[in-house]
Amino acid sequence: MTSDANCIFCKIVRGEIPAKKVHEDEHILAFHDVRPQAPVHLLVIPKVHVPTLYDANLNHQEALGRMLALAGELARKEGAADGFRVIINTGRVGHQEVYHLHMHVLGGPEPLGPMLARRK
Ligand code: DGP
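These figures come from a predicted structure and were not determined experimentally.

1. Considering the overall build of the chain
The number of helices and strands found in the chain is 2 helices and 5 strands. In the chain, the order of α-helices and β-strands from amino to carboxyl end is α-β-β-β-α-β-β. For the chain, the proportion of its 120 residues judged to be buried stands at 38%. For the chain, the exposed area adds up to about 7,600 Å²; of that, 54% sits on carbon and sulfur atoms.

Have a look at this one:
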């Protein structure tokens, strides 16, 4: 499996730095974001080192599918039972900070801010 020696999320996958894990299987890992921006703020990542969503391809479909397929279950389990958001920041314009593909799962219990809300 591809792993990057210096990547912070690869280090979490390898158990070299701690994380508050909420799910782990053969393909993916989910853990709490260290700088939460909502009452529920999880990061869901492929275990394999894929820098950005630009770099994803069909070899990654098992991991990417599991990331989405488990988002609702994990959000609900962690306290976001009435809705949540999924965000994948990508590249410079997308304000990506950590270059290991990751999906943010952000949830309430109360409604989140107006980002991407319909403008009146
Ligand atoms: P972004 O690349 O901008 O989509 O967001 C990266 C997120 O990763 C940011 O919300 C903070 C989080 N983060 C950075 N380093 C660590 C870490 O070592 N552990 C955890 N749990 N989260 C981290």
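Once the structure has been displayed, the description carries forward.
2. Section: the environment of A81
Examined against the element boundaries, A81 turns out to sit in the loop between α2 (61-78) and β4 (84-87). Considered as a pair, A81 and Y99 are 18 residues apart in the sequence and their alpha carbons are 30 Å apart.

3. Let's talk about unusual backbone geometry
Residue H95 is not a glycine yet carries a positive backbone phi of 60°. Looking at the secondary structure, you find H95 in the loop between β4 and β5 (103-107). Owing to a relative accessible area of 66%, H95 belongs among the exposed residues under this scheme.

4. Things to note about the packing of aromatic side chains
Under the counting rule described, the total for this entry stands at 1 aromatic pair. Both rings, one in F9 and one in F31, keep their centres 5.5 Å apart while their planes meet at 75°; by these two values the pair is edge-to-face. Pair noted here: F9 is in helix α1 (residues 8-13) and F31 is in strand β2 (residues 28-32), with a separation of 22 residues, a long-range link. Take F9: its relative accessible area is 7%, and that puts it in the buried class.

5. Section: the side chain of T52
For T52, the location among the structural elements is in the loop between β3 (40-46) and α2. With relative accessibility at 6%, the residue T52 sits in the buried group. With sequence-adjacent residues up to four places away left out, T52 is seen in contact with T90, Q96, Y99 and L101.

6. Remarks on the site of the ligand
Neighbouring residues of the ligand: 16 residues in total, closest D33, N89, E97, H102 and H104. Here H32 contributes a backbone N or O atom positioned 2.9 Å from a nitrogen atom of the ligand. In this structure, a nitrogen atom belonging to the ligand sits 3.3 Å away from a main-chain N or O atom of V34. Contact with the protein chains covers 89% of the free accessible surface of the ligand, which is 510 Å². For the ligand, the cavity whose grid points lie within 2 Å of the majority of its atoms is the largest pocket. Of all the secondary structure elements, the ones that give two or more residues to the shell around the ligand are α1 and β2.

7. Notes on the sheet that holds β5
Strands belonging to one sheet form pairs held by backbone hydrogen bonds; the direction of such a pair is parallel or antiparallel. An order of β1-β2-β3-β5-β4 is seen for the 5 strands of this open sheet, with the pairing classed as antiparallel. Strands at the two margins of the open sheet, each flanked by one partner only, are β1 (21-24) and β4. Looking at each pair of strands side by side, their axes are set apart by 15° on average, direction ignored. Across 5 bridges, the pairing between β2 and β3 is antiparallel. Bridging from a neighbouring strand, A30 pairs with V44 of β3.

Calculation criteria
- Residues numbered from 1 in each chain as written.
- Predicted model: local features only at pLDDT ≥ 70, side-chain atom pairs only at ≥ 80, totals over all residues.
- Heavy atoms only, no water.
- Helix = DSSP H or I, 4+ residues; strand = E, 2+ residues; numbered from the N terminus.
- Buried < 20%, exposed > 50% of the residue type's maximum accessible area, 1.4 Å probe, protein only.
- Areas by Shrake-Rupley, 256 points an atom, 1.4 Å probe, with all protein chains shown as cover.
- Phe/Tyr/Trp six-rings, centres within 6.5 Å; stacked < 30°, edge-to-face > 60°.
- Contact = heavy atoms within 4.5 Å.
- Near = heavy atom within 4 Å.
- Polar contact = N/O pair within 3.5 Å; in protein donor to acceptor, adjacent residues only side chain to side chain.
- 1 Å grid on protein atoms, 1.4 Å probe; cavity = no way out; pocket = protein on both sides within 12 Å on 5 of 7 lines; lining within 4 Å.
- Sits in = over half its atoms within 2 Å of the grid points.
- Pairing = 2+ DSSP bridges.
- Axes fitted to C-alpha atoms, helices over the stretch in contact; angles between N-to-C directions.

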